[in-house]
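# Notes for the structure review
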Amino acid sequence: CRFIRLLLLVLLCRVAMASAKLQITVVSAHNLYNADSGFAGKSDPYVIVEVPGQEGMKFQTNVINNSLNPVWNFTGTIDGFMDGDVLQFTVMDKDCWPKSDDLLGRAALTAQDFYPEGFHSEIQLSESKTQATLTVMIVVLGSTIEGEGMEEVGMEGQMQVGMEGQMQVG
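All values derive from a computational prediction rather than experimental measurement.

Conventions and cut-offs
Residues numbered from 1 in each chain as written. Predicted model: local features only at pLDDT ≥ 70, side-chain atom pairs only at ≥ 80, totals over all residues. Heavy atoms only, no water. Core = buried A, V, L, I, M, F, W, Y, C linked by side-chain atoms within 4.5 Å. Buried < 20%, exposed > 50% of the residue type's maximum accessible area, 1.4 Å probe, protein only. Helix = DSSP H or I, 4+ residues; strand = E, 2+ residues; numbered from the N terminus. Contact = heavy atoms within 4.5 Å. pLDDT = per-residue confidence, 0-100. Lys, Arg positive; Asp, Glu negative; His and termini not counted. Salt bridge = Lys/Arg side-chain N within 4 Å of Asp/Glu carboxyl O.

### Section: the nonpolar core
- Within the largest apolar cluster, 31 residues are counted, with the highest numbers of intra-cluster contacts made by L87, F89, F114 and L134.
- Mapped by element, the contributors of at least two residues to this core are β1 (19-30), β2 (45-50), β4 (71-81), β5 (86-93), β6 (102-110), α2 (111-114), β7 (119-124) and β8 (133-147).
- It is β1 that provides the largest number of residues to this core, a total of five residues.
- For F89, the contacting residues outside a window of four places in its chain are I24, V47, I48, V49, G105, R106, A107, L109, I123, L134, V136 and I138.

Given below as structure tokens:
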């Protein structure tokens, strides 16, 4: 009976997510638009990763100077990602004042794109003046679902029965 209950809970965990902690690596971009054409060189790209409208769920890569094919390999975390949220990637060109930074492209992913198995792929940037792409990797470090208390779900798939019959996976 306890095994069946655990199996059903594992299946439920793979379908419904209340909140997840994500490890996001912005790997690289390819074929970015040169927003600094002329004497200024090439674009100086950086990426903003965020859940729009959610305070504190945002990070930014470093700026790579003079590159249309930057490699960041920059890793950040977002804690509290929920089903229905959008994970947005905005690629910008850094400019010096008084000129404002230029948009080079955007991409967005939802939980269905990476939960629970994760994600590692090249994605097309919208709003780009070229056929630019962004390569990202997402690892679901853990998540909680609502049930008899809070259960943790991790990518390792190891199961333990905790106190009071609560199942923990992680």
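### Comments concerning the confidence of the model for the protein
- In the predicted model, the protein carries a mean pLDDT of 81, and the fraction of residues at 70 or more is 74%.
- Predicted confidence is poor over residues 147-170, with pLDDT under 50, and the contacts of this stretch with residues over four places away or in other chains come to 53 contacts.

### A word on the side chain of D36
- Mapped onto the elements, D36 comes out in the loop between β1 and β2.
- With no salt bridge to any partner, buried D36 finds its closest opposite charge in K99, at an N-O distance of 4.5 Å.
- In contact with D36, not counting residues within four places along its chain, are G41, K42, S43, D44, D93, K94, D95 and D102.

### Some details on the pattern of salt bridges
- Throughout the structure, instances matching the rule amount to four salt bridges.
- The partner of D101 in a salt bridge is K94, with the nearest N and O atoms 3.9 Å apart.
- Accessibility expressed as a relative area gives 40% for K94, which makes it partly exposed.
- Residue E127 is joined to R106 by a salt bridge in which the shortest nitrogen-to-oxygen separation is 3.1 Å.

### Some words on unusual backbone geometry
- Following W97, the chain continues into P98 via a peptide bond in cis, with omega recorded as 15°.
- Within the fold, P98 resides in the loop between β5 and β6.
- Of note, the phi angle at N73 is positive, near 50°, even though the residue is not glycine.

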